[in-house]
4 protein chains.
Amino acid sequence: MVAKQLSIFLENKSGRLTEVTEVLAKENINLSALCIAENADFGILRGIVSDPDRAYKALKENHFAVNVTDVVGISCPNVAGALAKVLRYLSDEGVFIEYMYSFANNQTANVVIRPNDMENCIRVLTEKKVDLLAASDLYKL
Amino acid sequence: MVAKQLSIFLENKSGRLTEVTEVLAKENINLSALCIAENADFGILRGIVSDPDRAYKALKENHFAVNVTDVVGISCPNVAGALAKVLRYLSDEGVFIEYMYSFANNQTANVVIRPNDMENCIRVLTEKKVDLLAASDLYKL
Amino acid sequence: MVAKQLSIFLENKSGRLTEVTEVLAKENINLSALCIAENADFGILRGIVSDPDRAYKALKENHFAVNVTDVVGISCPNVAGALAKVLRYLSDEGVFIEYMYSFANNQTANVVIRPNDMENCIRVLTEKKVDLLAASDLYKL
Amino acid sequence: MVAKQLSIFLENKSGRLTEVTEVLAKENINLSALCIAENADFGILRGIVSDPDRAYKALKENHFAVNVTDVVGISCPNVAGALAKVLRYLSDEGVFIEYMYSFANNQTANVVIRPNDMENCIRVLTEKKVDLLAASDLYKL
């Protein structure tokens, strides 16, 4: 349920991102989901990868500043209103979303969530029978 | 090729995101891809929706601060190294990624890119025969 | 001790900041401290102003998305190590800094802090006899 | 005129900032101005220090991810409208502010600016006789 997200510091916008993906490619590690949080000078790549432990090691060896953050993955029906319903469950129980990223795909939308309170978030999602993604499934989308 | 991304200001982390999705749900507008760029107090929801013009109007009417940004969508094979190859094409031609978000799904990964230079980005992607997503396809993932 | 910081959403980088300062100038409101948290497309202006309530009203009337956040101002000796000492006091008591901004000036440095836990932060700073700035002093630097 | 700003990646919010200031304190390096650009998990400390080259070296030796960015420092009268006037000069000539931070102090306000186009920014500020701060003055506020 709780999955490991890597956060990798991108010191510039002119090639550092390419280098991250090349380090992972060389290790035959796939990126199953990612988003970038950026400012004017830098970026943070948030990524779900096929093998987080090996990816962490390879990036560290290549002198990237990298961290691990707990996130939770869910699957929603890909229809208008399905995500709103899940977010309403969480809001009503005082769970806030620090950030999330999501892509629809045919029948379903996969969503990666970083809540303010993971324990409470998991409890609400479970009680409401939201479809939680196993970490292993998220790593291998 | 060039698609419209909505960027919506979330004045707090405790329910504003839920309200955005509820406004869209009420209009029967689907979110096909999204990510949040946040700081300690606020968030910016970046979203690809099924009907950007109608979504913009509905959000404005509900007093959200909302903007439109041009992005480009591509589709990659969902294998280690496929994204690295595309990013290398762009880096080598001086195209930088301001931000991007992506999800894999079975055989392919869909990627939304905001480049520093859209025209040059489209040129490179076209020359290198990268699979560009029509805006209409991105809106209806 | 606890002061009001305004956070103003800047929908673009090409003039919106100028407009904010012009709205404040017209109202004869001074900006005593500010910093910008930005991403590729937008900015958030965080500002301490001479009259927060009137500034809030004027900005709202001019259709800016604006919010109020509690911050605390302190004054440190302007010597190497003075800020480190204050931050160590806070770290040791589990108070984290969400963000801060600071400028030195001759004998002292003024610092605006947004802690994760305001009550605890004020308690630690008071116990350690750190020089707290009255909100009224911060507004009129 | 053009000064060196250090940008230091803070991998967490619970002590990394304290460590940065302690590394600088040990080297007897002063922070004359700083602000933090943060997201939910991380921070970037942007700082003007008394000795940028030595600070860079010390931080690198202590395994911080650190970068150097060009900024420009100006001094404004500390009265309502003074900053608006400078920003209007820049907007009118197509110079945008990526980010800035500023503190007032008695008669003047010191401002650190990261423009989108440094050359053009310096030209406009010089033509309009805005009071530019020498880098050496900014380092020793």
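This structure is a prediction, so every number in the text was calculated from the model and none was measured.

### Concerning the domain arrangement of chain A
Residues and elements named next belong to chain A. Structurally, chain A comprises domain 1 (1–67) and domain 2 (69–131). Using only C-alpha atoms to locate each centre, domain 1 and domain 2 end up separated by 23 Å. Across the contact, 13 residues belong to domain 1 and 10 residues belong to domain 2. Summing both sides of the interface, domain 1 and domain 2 together bury roughly 920 Å²; the carbon and sulfur share of this comes to 58%. In terms of surface lost to domain 2, no three residues of domain 1 exceed Met1, Val2 and Gln5, which account for 51% of the buried area on that side. The interface formed by domain 1 and domain 2 includes 0 salt bridges. Where the side of domain 1 that touches domain 2 is concerned, the elements lending two or more residues are strand S1 (2–10), strand S2 (31–38) and strand S3 (43–49).

### Here we look at the side chain of Arg114 of chain B
Within the element layout of this structure, Arg114 of chain B appears in strand S6 (residues 108–115). A polar contact of 2.6 Å, which involves the side chain of Arg114 of chain B, links it to the side chain of Asp41 of chain C. What Arg114 of chain B contacts, discounting residues up to four positions off in sequence, is Thr69, Asp70, Val71, Phe96, Ile97, Glu98 and Tyr99 of chain B together with Ala40 and Asp41 of chain C.

### A look at empty space enclosed by the protein
Counted by the stated rule, this structure contains 13 cavities of 30 Å³ or more. Computed from the structure, the largest cavity encloses a volume of approximately 330 Å³. In this structure, the largest cavity is lined by 25 residues; those nearest its centre are Glu38 of chain A, Glu38 and Asn39 of chain B, Glu38 of chain C together with Glu38 of chain D. Elements supplying a minimum of two residues to the lining of the largest cavity: S2 and S3 of chain A, strand S2 (31–38) and strand S3 (43–49) of chain B, strand S2 (31–38) and strand S3 (43–49) of chain C together with strand S2 (31–38) and strand S3 (43–49) of chain D. Residues belonging to the lining of the largest cavity are distributed by class as follows: 13 nonpolar, 8 polar and 4 charged.

### Some thoughts on the interface of chain D and chain C
In this assembly, 42 residues from chain D lie in contact with 42 residues from chain C. Taking both partners together, chain D and chain C bury about 3800 Å²; carbon and sulfur atoms supply 58% of that area. Counting across the chain D and chain C interface gives 6 salt bridges. For Arg88 of chain D, the salt bridge is made with Glu22 of chain C, and the minimal N-O distance between the two is 2.8 Å. In this assembly, chain D and chain C are joined by 21 residue pairs in polar contact (both at pLDDT 80 or more). Where the side of chain D that touches chain C is concerned, the elements lending two or more residues are helix H1 (16–26), S2, helix H3 (82–92), strand S5 (97–105) and strand S6 (108–115) of chain D. When residues of the side of chain D that touches chain C are assigned to their parent elements, the largest contribution, 9 residues, is made by S5 of chain D. A class-by-class count of the residues in the side of chain D that touches chain C yields 22 nonpolar, 14 polar and 6 charged. Of the strand pairs in this sheet, strand S5 (residues 97–105) of chain C and S2 of chain D are connected by 3 bridges, and their pairing is antiparallel. Pairing of Phe103 of chain C across the sheet is with Ala33 of chain D, part of S2 of chain D.

### Brief notes about the pairing of S3 of chain B
All names here are of chain B. Taken across its 7 residues, S3 has 7 buried, putting it largely inside the fold. Where burial is concerned, the two faces of S3 agree: the one with Gly43, Leu45, Gly47 and Val49 and the one with Ile44, Arg46 and Ile48 are both buried. The pairing of strand S1 (residues 2–10) with S3 spans 5 bridges and is antiparallel. By the bridge assignment, Ile8 is partnered in S3 with Leu45. Here S2 runs beside S3; their pairing, made up of 7 bridges, is antiparallel. If you follow Ala37 over to S3, its bridge partner there is Ile44. Counted along the chain from S2 to the antiparallel partner S3, the turn is 4 residues long.

### Describing the pairing of strand S4 (residues 66–77) of chain C
All names here are of chain C. Here 7 bridges tie strand S1 (residues 2–10) to S4, and the two strands are oriented antiparallel to one another. In the sheet register, Leu6 faces S4, and the bridge partner there is Val68. Pairing of S4 with strand S6 (residues 108–115), which is carried by 6 bridges, proceeds in the antiparallel orientation. Directly across from Pro77, in S6, lies its bridge partner Thr108. Where S4 meets strand S7 (residues 131–133), 3 bridges bridge the pair, whose relative direction is antiparallel. Looking at the pairing, Gly73 lines up with Leu133 of S7.

Conventions adopted
- Residues numbered from 1 in each chain as written.
- Chains lettered and ligands numbered in written order.
- Predicted model: local features only at pLDDT ≥ 70, side-chain atom pairs only at ≥ 80, totals over all residues.
- Heavy atoms only, no water.
- Domains from an automatic or database assignment.
- Contact = heavy atoms within 4.5 Å.
- Buried area = accessible area lost by both parts, 1.4 Å probe.
- Salt bridge = Lys/Arg side-chain N within 4 Å of Asp/Glu carboxyl O.
- Helix = DSSP H or I, 4+ residues; strand = E, 2+ residues; numbered from the N terminus.
- Polar contact = N/O pair within 3.5 Å; in protein donor to acceptor, adjacent residues only side chain to side chain.
- 1 Å grid on protein atoms, 1.4 Å probe; cavity = no way out; pocket = protein on both sides within 12 Å on 5 of 7 lines; lining within 4 Å.
- Points joined across faces, edges and corners; volume = space filled by probe spheres on them.
- Nonpolar A, V, L, I, M, F, W, Y, C, P; charged D, E, K, R; others polar.
- Pairing = 2+ DSSP bridges.
- Buried < 20%, exposed > 50% of the residue type's maximum accessible area, 1.4 Å probe, protein only.

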